[in-house]
Structures are given as C-alpha cells and as structure tokens.
Amino acid sequence: MKANSIKRSSSSNTIIEQKLKKLNLNKLSKQSKLCKRKPRKLSPKVLLIGFFMMIYSSKHKSYKAWAIKTGYLIKGTVSKQALWKRMQPSLVVFLQKVLSSAINNNIENKLSVKTNNKLKRFTNVILEDSTSIKVSDKLWKEYPGNGYWDKEAKKAIIKIQASYNIIKQSFARFEITSFRKN
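These numbers were taken from a predicted model, which means no experiment stands behind them. (Residues numbered from 1 in each chain as written. Predicted model: local features only at pLDDT ≥ 70, side-chain atom pairs only at ≥ 80, totals over all residues. Heavy atoms only, no water.)

A few words on helix 3 (residues 44–57). With 14 residues, helix 3 extends 20 Å between its outermost C-alpha atoms, agreeing within 8% with the 20 Å of an ideal straight helix rising 1.5 Å per residue. Burial in helix 3 covers these residues: Pro 44, Val 46, Leu 47, Leu 48, Ile 49, Gly 50 and Met 54. Where helix 3 is buried, its residues contact helix 1 (15–21), helix 2 (25–31), helix 4 (63–74), helix 5 (80–85) and helix 6 (89–110). (Helix = DSSP H or I, 4+ residues; strand = E, 2+ residues; numbered from the N terminus. Expected span 1.5 Å × (residues − 1). Buried < 20%, exposed > 50% of the residue type's maximum accessible area, 1.4 Å probe, protein only. Contact = heavy atoms within 4.5 Å.)

If you want it as structure tokens, here you go:
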C-alpha cells in the first residue's frame, strides 16, 4: 500500500501529537524492549500516531488501514505485515508504559503541591475504572456481549479494566476481558 504524501505544517499538530511530545517515547520503547536499536523506518511515535489516525478516521479498523495511515506519516510505504510483526508482548509493555507515563503527566499537572504532599502519606492510592468497547462480531466467542437486547444476536464486547497506583506510578492491574467478566 502506498500512501499519498501530503506536507503537514508544524502548527497542525493534533491533540494526540501534543500529548505524545511530552512523553519520552524512545526511552519507554527501550525500557519495554520494543526497540533494541534506533528504528530505521517505523519509530514508536509513528506507530502510535498512525494507530490513532486509523482509529479516529477509518471506517474499517484493520492492519491495512493502519499501514495506509502510517505510510502517510512517513511519506512512504508500510506493509500490513510489517505492523503484524510488531505485535509482540514487548509492544503491550510499551503501550502500558506510555499510558502510565501519560497518566502521571496528567496527574502532576492537575494536582497542587499541597495535595501531592498529602497523598505521599499513604503507601497506596489506587484509581480503578473500566470501559466497554464493541468490537467486530467475529470475536463473539472470545468476547461475548451481554445479550441484553437480543438473546440470539452474537455481539462482541470487550471490557478494559484497570487499577492504577498513583503513589507507585504503575498499574496494579490492567485486563482486557469479555463483557461478562466482572
């Protein structure tokens, strides 16, 4: 897949690009062992921005759509197989580190010094949240939905459940499960 190369001005950065600028993605990728040396074509930043572009703009969520968006960013060609090869446990660790770092930056910006000092008295302060996302119905066996509206429909819904320790600045738990698992 060859993507059209369109020049982008530096002032047209998206919110995601602005947030990613605050993170040291190269350091996080080395810590997670995603990158063992300097990437030649696909940097961790390009992978993330291409993924977000695909999620927010494409009707079809696929490796092909991701490859097209990533190719657009590097003004070149990226194959869907190249992206598939990067789907390793180290990528999951990298994404957790990116999410953790983004949460830490956000918390530091929001908390006052007074509040921050009060939190340091505790050994653990845990934030928990979950969200549900409808995915392709082809995944209904692995991620069955709730069956609330139509008992016969084979809908697939994933649930992302996370517990984040503010004091230790790390995830206590991060799971992707079926909608039915509490």
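That was the structure; now back to the text.
Within strand 2 (residues 156–165), nine of the 10 residues are buried, leaving the element largely enclosed by the surrounding structure. Here strand 1 (residues 126–135) pairs with strand 2 via 10 bridges, running antiparallel. Following the sheet pairing, Thr 131 is matched in strand 2 by Ile 160. Pairing between strand 2 and strand 3 (residues 170–178): eight bridges, direction antiparallel. Residue pairing across strands places Ser 163 opposite Arg 173, the latter belonging to strand 3. Hairpin connection of strand 2 to strand 3: four residues between the antiparallel strands, including Gln 169 at a positive phi of 55 degrees. (Pairing = 2+ DSSP bridges.)

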